[in-house]
Amino acid sequence: MITRFAPSPTGPLHLGHAYSAMLAHDMAMAADGTFILRMDDIDRVRSKPEFEQQAIADLHWLGLSWPEPIMKQSRSEPRFRANIQQLAQQGLIYPCSCSRADVENAANAPQEGVPTHGPDGRIYPGTCRARPMAAFKEGDAIRLNMEKAVHGAAPLPSYLETGERHRGTMQLDPVDLITSIGDVAVARRGMAAAYHLAVVVDDDAQNITHVIRGEDLFDATRIHVLLYHLLHLPIPIYHHHRLIRDDNGKRLAKRDDARAISKYRAEGATPNDIRRLVGLPEV
Ligand code: GLU
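Model, not experiment: these values are computed from the prediction. (Residues numbered from 1 in each chain as written. Predicted model: local features only at pLDDT ≥ 70, side-chain atom pairs only at ≥ 80, totals over all residues. Heavy atoms only, no water.)

(A) Main features of the state of the cysteines. Applying the stated criterion to the full structure yields zero disulfides. With no disulfide partner, C96 has as its closest neighbouring cysteine sulfur the one in C98, 4.0 Å distant. Under the relative-accessibility criterion, C96 is labelled buried at 2%. (Disulfide = S-S within 2.5 Å. Buried < 20%, exposed > 50% of the residue type's maximum accessible area, 1.4 Å probe, protein only.)

Right under this line is the structure:
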């Protein structure tokens, strides 16, 4: 079993991150496996070296260890480009010059029962769909033509989910992918890959067998499984865990500094105090 924790170093780690990292670590250790730390620093603007250093210090303090050196997503760009090339050869992607405002304005008046938003935000209305990749210009994003992708990839794969809320074999459904996800971005303006492609390519490069992460990513997993399938890569097992919430029931965000691990450390808490707070057995 190879598990991973892959924070984006765009803010301090909080209790929710601690839970995710310790759970992935505990599950790997219980199976005599390996736990990996990766830095998902593909967003060059928001990622900061000081958050990276702080994350490493917090995770060591929690008692976690991992093989060095730590892989950085920002160094995977050649791999991302090769995978985009593969999708291009299958005729599944197109360049998109729409801004966020363009997408909002072009979206049709909502039809009853048809979702307007999916796990990737507003479902793309298809404005640039007919553009060939040869027309790619600097500053364009790249989108997956979902209709072509699901039809070209039939039969669609299933995957195994071992999380608390959803458990069992999950089957990708073509109608669901087209209507509730649509043409997701595989690369964003000025970036070699968008999150969905980056996480798939890097998890595969590190041979991650079990992706353990928060329930907030459960819906996006369909996108990831489809990408594995289109790129002919083995699909990992998924475990989506409960989210750690604040006293008002809201899930913690990076800006919730009050729950930052470093705050608890400074106040004299021990790693086992943190384990108790998030409901993990003490060690
Ligand atoms: N870097 C991503 C994050 O911080 C990883 C999420 C994932 O597990 O796929 O949210």
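(B) Geometry of unusual backbone geometry. Along the chain, E68 connects to P69 via a cis peptide bond; the corresponding omega equals -5°. The omega angle of the peptide bond from A154 to P155 is -5°, so this bond is cis rather than trans. Locating P155 in the fold gives a position in the loop between α5 (146–152) and β8 (158–161). Unlike most non-glycine residues, D32 shows phi in positive territory, near 60°. Mapped onto the fold, D32 is located in the loop between α1 (15–30) and β2 (34–39). With a phi angle near 55°, N207 is a residue other than glycine that sits in the positive phi range. Residue position: N207 is located in the loop between α7 (195–205) and β11 (210–214). (Helix = DSSP H or I, 4+ residues; strand = E, 2+ residues; numbered from the N terminus.)

(C) Layout of the side chain of E161. Secondary-structure assignment places E161 in strand β8. Within the structure, E161 has its side chain in polar contact with the side chain of H240 (distance 2.8 Å). In this structure E161 touches H166, R167, G168, M170, F218, Y238, H239 and H240, once residues within four positions along its chain are discounted. (Polar contact = N/O pair within 3.5 Å; in protein donor to acceptor, adjacent residues only side chain to side chain. Contact = heavy atoms within 4.5 Å.)

Everything listed here is a matter of geometry and, on its own, says nothing about what the molecule does.
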